[in-house]
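Observations on the model geometry
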Amino acid sequence: TSSSRGSARTKKKMIPRRTRNAPTFSAWEAQTYIPTIKQSWSMVLARITLHKLGFEFYDILMNLGGDSLKNMFTTEREVMAGKFGEMLTGIVTSVDDPYAIYQKLKNLAPMHLQKGVSKDHLPIMGTALNTMLEQVLGDALDSKIRAAWSWLWTWLSSTMAQTLEEAGNETSLVSKTWDLANDNYPEDQLGALLFDVLFEMAPNLKAIFAKPRQILSLKFVEMMSLLVAFQNRLDDDNEQLTWIGLRHIRYGARRQHIEVLGQVLLATIERAVGDEWTYEMAESWEKLWTEACDKLLTITEEAEIHGERAIELWDKVQHKTTKLQFGSALRKKLLAGTEWVHS
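Note that the coordinates shown come from a computational prediction; the quantities given were computed from them, not determined experimentally.

A word on the overall build of the protein chain. Counting its regular elements, the protein chain contains 13 helices and 0 strands. Scanning the protein chain from its N terminus toward the C terminus, one meets helices and strands in the order α-α-α-α-α-α-α-α-α-α-α-α-α. For the protein chain, long-range pairs separated by at least 24 residues make up 79% of all intrachain contacts whose partners lie at least 6 apart in sequence. As displayed, the protein chain has an accessible area near 19,600 Å², and 53% of this comes from carbon and sulfur atoms.

Here it is in structure tokens:
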């Protein structure tokens, strides 16, 4: 059975994780270049506001990148200018802490991949940064300042390239893992395996999953397929996540249940993948589930708050009118195109 197959696989030995260290730089580099970068940045902000600086950088970047970058950054110019200004300030502020910059870039990497950013775009961004400094500082941009910013951008480019590669690997790992799980278990067996693991780890949750097991098993596989398909675009899947969250509230699911389900999910995928399971796969799935959970938890919390208020209002409505009368009045208002809710 699928249960016995899964149980046998839990005793295997995990493949050791292959890790890459976060990029860093030497104490000599920090002492040589960082003071110059901070001093020159103060000079920049003394000549131009951060808001205008963002516009300057954005316009230069778009002119250099042409249609490829314009199609990539479709957000309004003013919004993007603000983001670029904040990005540059954040880099200078954190320049003493390379790990902090690495973590920030790592968090942004999935979004950059989604937009189509690649390491091939990094030289264009470097040229845009250099051009912006030339235009703002003019003759004050001496060889010492140039060398400091050249060093910084070389390090940043290397770090960004690494985070883009890591994000791409995580994406492919999630997809590869899901494919392996589906190769080893048909849909119905994979869903059944989830419930075997669920009731092993959290038998008290049986009451929440009261529908026929076969139906719930298929729904689980559908939900996971959805997460894998939208793994770097969860914002695009917000409507589906909303319905999933609201549906689980109706079943009686709460915050602690969602967190437990994440542990069950990882254990299920691990059993389904078998001997090819690695720590890297576990980390990729943990990251995906955490991101999805954050959205689901926000949805469930908002639904609980607004749901209580909606129930209170509906009770008041029912005391004053019948459902038929309310529906008829609502229909007339909607057809008339007028507001039907008043404060």
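Another point: the pattern of salt bridges. According to the stated counting rule, one finds 4 salt bridges in the structure shown. Glu-134 is the salt-bridge partner of Arg-146, the closest N and O atoms lying 3.1 Å from each other. Here Arg-146 is found in helix 7 (residues 143–184), whereas its partner Glu-134 is found in helix 6 (residues 122–137), with 12 residues between them in sequence. For Glu-200, the salt bridge goes to Arg-271, with nearest N and O atoms at 2.8 Å. Of this pair, Glu-200 sits in helix 8 (residues 187–201) while Arg-271 is found in helix 11 (residues 255–273), placing the two residues 71 residues apart along the sequence.

With 44 residues, the main nonpolar core has Met-132 and Trp-149 as its most contacted residues. For this core, the secondary-structure elements that each account for two or more residues are helix 2 (27–47), helix 3 (50–72), helix 4 (77–93), helix 5 (98–115), helix 6 and helix 7. Counting residues per element, this core draws most heavily on helix 7, at 10 residues. For Met-132, the residues in contact, after removing those within four places along its chain, are Leu-53, Glu-56, Phe-57, Ile-60 and Leu-88. Counting 37 residues, the second-largest nonpolar core is a separate cluster that includes Tyr-185, Leu-198, Val-228 and Leu-261.

Low pLDDT means the predicted atomic positions in that stretch should not be read closely. With 76% of its residues at a pLDDT of at least 70, the protein chain reaches an overall mean of 78. Counted against residues more than four places away or in other chains, residues 1–19, with its pLDDT under 50, gives 38 contacts.

Residues three or four positions apart in an α-helix share a direction because the helix packs 3.6 residues into each turn. In a regular helix each residue adds 1.5 Å, so 16 residues correspond to 22 Å; helix 6 covers 22 Å between its end C-alpha atoms and thus fits that length. Among the residues of helix 6, those classed as buried are Leu-122, Met-125, Gly-126, Ala-128, Leu-129, Met-132, Leu-133, Val-136 and Leu-137. Viewed end-on, helix 6 has its buried residues packed into an arc of 160°, placing them on one side of the element. Where helix 6 terminates, the next one or two residues include Gly-138, which has phi positive at roughly 60°.

Attention now goes to the packing of helix 2 against helix 6. A pair of packed helices can be characterised by two numbers: the angle between their axes and the separation between those axes. One can describe the packing of helix 2 onto helix 6 by two numbers: an axis separation of 10 Å at closest approach and a directional angle of 60°. In terms of orientation, helix 2 and helix 6 fall into the oblique class. Judged by the sense of rotation from one axis to the other, the crossing of helix 2 with helix 6 is left-handed. Of the residues in helix 6, those touching helix 2 at Ser-40, Met-43, Val-44 and Arg-47 are Leu-133, Val-136 and Leu-137. Here the residues of the contact of helix 2 with helix 6 sort into 5 nonpolar, 1 polar and 1 charged.

To continue, consider the packing of aromatic side chains. All chains considered together, the criterion is met by 10 aromatic pairs. Aromatic side chains Phe-57 and Phe-84 sit 5.2 Å apart centroid to centroid with 65° between the ring planes, which places their arrangement in the edge-to-face category. Of this pair, Phe-57 sits in helix 3 while Phe-84 is found in helix 4, placing the two residues 27 residues apart along the sequence. Both residues of the pair, Phe-57 and Phe-84, count as buried. Summarising the aromatic geometry, the rings of Tyr-58 and Phe-84 are spaced 6.2 Å apart at their centres and angled 40° between planes, so their arrangement reads as tilted.

This part is about the environment of Ser-284. Mapped onto the fold, Ser-284 is located in helix 12 (residues 279–320). Here the alpha-carbon distance between Ser-284 and Val-174, two residues 110 residues apart in the chain, equals 6.2 Å.

The first and last C-alpha atoms of helix 3 sit only 23 Å apart over 23 residues, clearly below the 33 Å expected at 1.5 Å per residue. Along helix 3, the largest kink reaches about 125° and is centred on Gly-66. Those residues of helix 3 lying buried are Leu-53, Gly-54, Phe-55, Phe-57, Tyr-58, Ile-60, Leu-61, Met-62, Gly-65, Leu-69 and Met-72.

Reading the values: the criteria
- Just so you know, the residues in each chain are numbered from 1, in the order the chain's sequence is written.
- Where totals are concerned, whole chains, interfaces and linings use all residues; where local detail is concerned, this predicted model gives features only for residues with pLDDT of at least 70, and gives and counts side-chain atom pairs only at 80 or more.
- Excluded from the side-chain calculation are hydrogens and water; included are all heavy atoms of the structure.
- Where helices and strands are cited, they refer to DSSP runs of H or I of at least four residues and of E of at least two residues respectively, numbered from the N terminus.
- Residue contacts are counted whenever heavy atoms from the two residues lie within 4.5 Å of one another.
- Reported accessibility uses the Shrake-Rupley method at a 1.4 Å probe radius. Residues are deemed covered only where the shown protein chains occlude them.
- Every case where a carboxyl oxygen of Asp or Glu lies within 4 Å of a side-chain nitrogen of Lys or Arg is listed as a salt bridge.
- Here, the term nonpolar core denotes a set of buried Ala, Val, Leu, Ile, Met, Phe, Trp, Tyr and Cys residues that are joined through side-chain atoms within 4.5 Å.
- Relative accessibility decides the category of a residue: with a 1.4 Å probe and only protein chains considered, values under 20% of the type maximum give buried, values over 50% give exposed, and everything between is partly exposed.
- In predicted models, pLDDT denotes the confidence assigned by the predictor to each residue on a 0 to 100 scale.
- Expected helix span is taken as 1.5 Å per residue step, with the number of steps being one fewer than the number of residues.
- This arc is built from the directions going out from the helix axis to the C-beta atoms.
- Angular values range over 0 to 180 degrees, each being the angle between N-to-C directions of two axes fitted as lines to C-alpha atoms, with helices fitted over their stretch in contact.
- Each angle is binned into one of four classes, with values under 35 degrees roughly parallel, values over 145 roughly antiparallel, values of 65 to 115 roughly perpendicular, and all other values oblique.
- Crossings are assigned a handedness: left-handed for a near helix turned anticlockwise from the far helix by less than a right angle, right-handed for a clockwise turn.
- Three residue categories are used. Nonpolar comprises Ala, Val, Leu, Ile, Met, Phe, Trp, Tyr, Cys and Pro, charged comprises Asp, Glu, Lys and Arg, and polar comprises the others, including Gly.
- Each pair of aromatic rings taken from Phe, Tyr and Trp, with Trp reduced to its six-membered ring, is defined by centres within 6.5 Å and is described as stacked if the planes are under 30 degrees apart, edge-to-face if over 60, and tilted in the remaining cases.
- To get the bend at a residue, fit one axis to the 7 residues ending there and another to the 7 starting there, then take the angle between the axes.

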